[in-house]
Amino acid sequence: MRFALQPHLIPEPLLSTSQLTYKISEIPTIPEPSFNPSFTFNPNLQRHLSGKQLLLEDLPFSLEEIQLHYQNGYIAYRPALKKTLEKYECMRCGTKDWQWFASYPCSRCGENCVYCRKCIMMGRISSCTPLICWLGPSPQENDSGASEPLLHWQGQLSQGQEEASRHVVQAISTSTELLVWAVCGAGKTEVLFKGIEYALTKGDRVCIATPRTDVVLELTPRIKAVFPGIEVASLFGGSEDRHKYAAITISTTHQLQRFYHAFDTMIVDEVDAFPYSMDESLQYTVQQARKPHSAMIYLTATPSQAWQRDCRVGKRQYVTIPARYHRQPLPVPVFLWCGNWEKQLERNTLPNNINTWIDQRLKQGKQVLVFAPKIRLMEKMLPLFRQLHPKTEMVHAEDPIRKEKVGLMRNKEIPLLVTTTILERGVTFPNIDVAIIGTEDAIFTESALVQIAGRAGRSAQFPTGDVVFFHHGRTEAMVRARKQITTMNQQGLKRGLLDR
């Protein structure tokens, strides 16, 4: 797409050229017509575009209508790609890595255009593509003077949750950042309720973002149940809510690439989880989706070493919930050396202490969750474990019936489940013991180990559980993970959040 500028709107660097039209990326400053308050705007376009940055093909409106809103100051055009010297930057996903850019013969402008491959799943953007944003008034959805309470929840917060909830409300009221560092199973979602209610009473928009689709699917019905009178949009790949304007948006971090300065409160759940923690473009996307003056709440049970250090030296505002609601301490992992287990596995056997540990639990009627570092190793383990119990199963990310197997495990129809780190978070089995085989593998980071240990002892009916790290050599991640867990237990005792 090429733009023709009126003579008095042509920026100084372009005056000396003889071109009649320009790629949007060639225009140093996009003219912004004055806002016309008497203009009758299209409310459907307003709802479709408010808080978003979309491509022309994403808008079911004519180019003439879009241009008319632009001329009256209700819409802005932004270049999708920004060129500085010989480098490009994608203004939608923020990537600057040259490896993500390529060129193609463009049918829209008739020239070769550079485009971004990093976010192409959201629609191709190139050097001649505009991102279109809404500048007019936002749709008025929330009635801040409503007499009826917005939050319908009859639960009771624990002492630790109550303190964290107060910090969340304060951060939202002052539009500041806060890290909620809560142990696995502490009940982070409930801690958000009062803060979300506070934001909604002000007429603010709230976003809960998470790296994983299954968390979006789990959170959506819970949030709808406690805020029954509030519009909630659930965004993930293939979602039907893609164009819904809602007071509460629950979204994967990838889907936020369509948003621009939309949310007054941004909540990022599982901030340490892959791929968000490793992908700078997703972090850029989250920052771009929030308003310049807004609150940012991070939730995690396992902050990175850098974040932990920032908390200790006072560079990051945070609150901890060091104990679960049932007031019992977190299970502390036990380290058990098992020798060169991979070499034994090649001979179709496993170390005796692994077999003995699992066999004891199966005879007690307890379920066992076993983590392993690689699928090919799990495939060798499966027939060996089936000698201990024939209903043993394995699961991994590419398993087409993964959800069905997890359901069977929840229904206690599977006694022993062997898994990759795909189940390190987001699943709860009431009465379970946990083991890792090959804890020395690099895939078992401090974060992963804390999350895996957090699968045990989550239920009030079964608040304890054994966690064993079978290894062929201790790693720093193992030591740090155990230290983090024991430190949280110590904090819980000191603050009176544990019964023992």
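Preceding this section is the structure that the text describes.
Anyway, here's the lowdown on the structure attached to this text. Just so it is clear, the structure is predicted and the values come from calculations on it, not from any experiment.

### With respect to the sheet that holds strand β14 (residues 263-268)
Two modes of strand pairing occur in sheets, parallel and antiparallel, and in both the strands are linked by backbone hydrogen bonds.
Part 1 of the reasoning: Strand order in the open sheet formed by 7 strands is β12-β13-β11-β14-β15-β10-β16, with parallel pairing between adjacent strands. The open sheet has two free edges, formed respectively by β12 (232-235) and β16 (318-321), since each of these has just one partner strand. Averaged over all pairs of adjacent strands, the angle between their axes in this sheet comes to 15°, without regard to strand direction.
Part 2 of the reasoning: Of the strand pairs in this sheet, strand β11 (residues 206-210) and β14 are connected by 4 bridges, and their pairing is parallel. Each residue of the ladder has a partner; that of Cys207, found in β14, is Met266.

### Structural notes on helix α13 (residues 476-494)
Part 1 of the reasoning: Relative to the 27 Å expected for 19 residues at 1.5 Å per residue, α13 spans 27 Å between its end C-alpha atoms, a close match to the ideal helical length.
Part 2 of the reasoning: Within the sequence span of α13, burial applies to Ala477, Met478, Ala481, Gln484, Ile485, Met488, Asn489 and Gly492. The buried residues of α13 occupy an angular sector of 130° when the element is viewed end-on, so they sit on one face. Along α13, exposed side chains directed more than 90 degrees from the buried face belong to Glu476, Lys483, Gln490 and Lys494.
Part 3 of the reasoning: Its buried side turned inward, α13 meets β10 (177-182), α7 (305-313), β16, β17 (334-337), α12 (446-453) and β22 (467-471).

### Here's the deal with a positive patch on the surface
Part 1 of the reasoning: A cluster of like positive charges, contributed by Arg309, Arg312, Lys315 and Lys483, occupies part of the molecular surface.
Part 2 of the reasoning: Examined against the element boundaries, Arg312 turns out to sit in helix α7.
Part 3 of the reasoning: By relative accessible area, which is 58% here, Arg312 ends up exposed.

### Section: helix α9 (residues 352-363)
Part 1 of the reasoning: Over its 12 residues, α9 runs 16 Å from end to end, which matches the ideal 16 Å to within 8%, given 1.5 Å per residue.
Part 2 of the reasoning: Buried residues of α9: Ile354, Trp357, Ile358, Arg361 and Leu362, and no others. End-on view of α9: buried residues confined to an arc of 130°, all on one side of the axis. Opposite the packed face of α9, turned more than 90 degrees from it, sit the exposed residues Asn352 and Lys363.
Part 3 of the reasoning: The elements touched by buried residues of α9 are β18 (367-371), α10 (375-386), β20 (416-419), β21 (432-437) and β22.
Part 4 of the reasoning: The positive-phi residue at the C-terminal boundary of α9 is Gly365, with phi of around 80°.

### Let's talk about the packing of aromatic side chains
Part 1 of the reasoning: Under the counting rule described, the total for this entry stands at 15 aromatic pairs.
Part 2 of the reasoning: Ring geometry for Phe41 versus Trp134: centroids 5.8 Å apart, planes at 70°, classification edge-to-face. Within this pair, whereas Phe41 is found in the loop between β2 (22-23) and α1 (43-49), its partner Trp134 is found in strand β9 (residues 130-134), the two being separated by 93 residues in sequence.
Part 3 of the reasoning: What makes Phe41 partly exposed here is its relative accessible area of 23%.
Part 4 of the reasoning: According to the relative accessible area criterion, Trp134 is buried, its value standing at 9%.
Part 5 of the reasoning: Ring plane angle 40° and centroid distance 5.1 Å describe the contact between Phe259 and Phe263, whose orientation is recorded as tilted.
Part 6 of the reasoning: The class for Phe259 is buried, based on a relative accessible area of 2%.
Part 7 of the reasoning: Every member of this aromatic cluster is reached through a ring pair, and the members are Phe35, Phe39, Phe41, Tyr74 and Trp134.

Criteria and cut-off values
Residues numbered from 1 in each chain as written. Predicted model: local features only at pLDDT ≥ 70, side-chain atom pairs only at ≥ 80, totals over all residues. Heavy atoms only, no water. Pairing = 2+ DSSP bridges. Helix = DSSP H or I, 4+ residues; strand = E, 2+ residues; numbered from the N terminus. Axes fitted to C-alpha atoms, helices over the stretch in contact; angles between N-to-C directions. Expected span 1.5 Å × (residues − 1). Buried < 20%, exposed > 50% of the residue type's maximum accessible area, 1.4 Å probe, protein only. Arc of directions from axis to C-beta. Contact = heavy atoms within 4.5 Å. Patch = residues over 30% accessible without salt bridge, like charges linked within 9 Å, V, L, I, M, F, W, Y side chains within 5 Å. Areas by Shrake-Rupley, 256 points an atom, 1.4 Å probe, with all protein chains shown as cover. Salt bridge = Lys/Arg side-chain N within 4 Å of Asp/Glu carboxyl O. Lys, Arg positive; Asp, Glu negative; His and termini not counted. Charge placed at Lys NZ, Arg CZ, Asp CG, Glu CD. Phe/Tyr/Trp six-rings, centres within 6.5 Å; stacked < 30°, edge-to-face > 60°.

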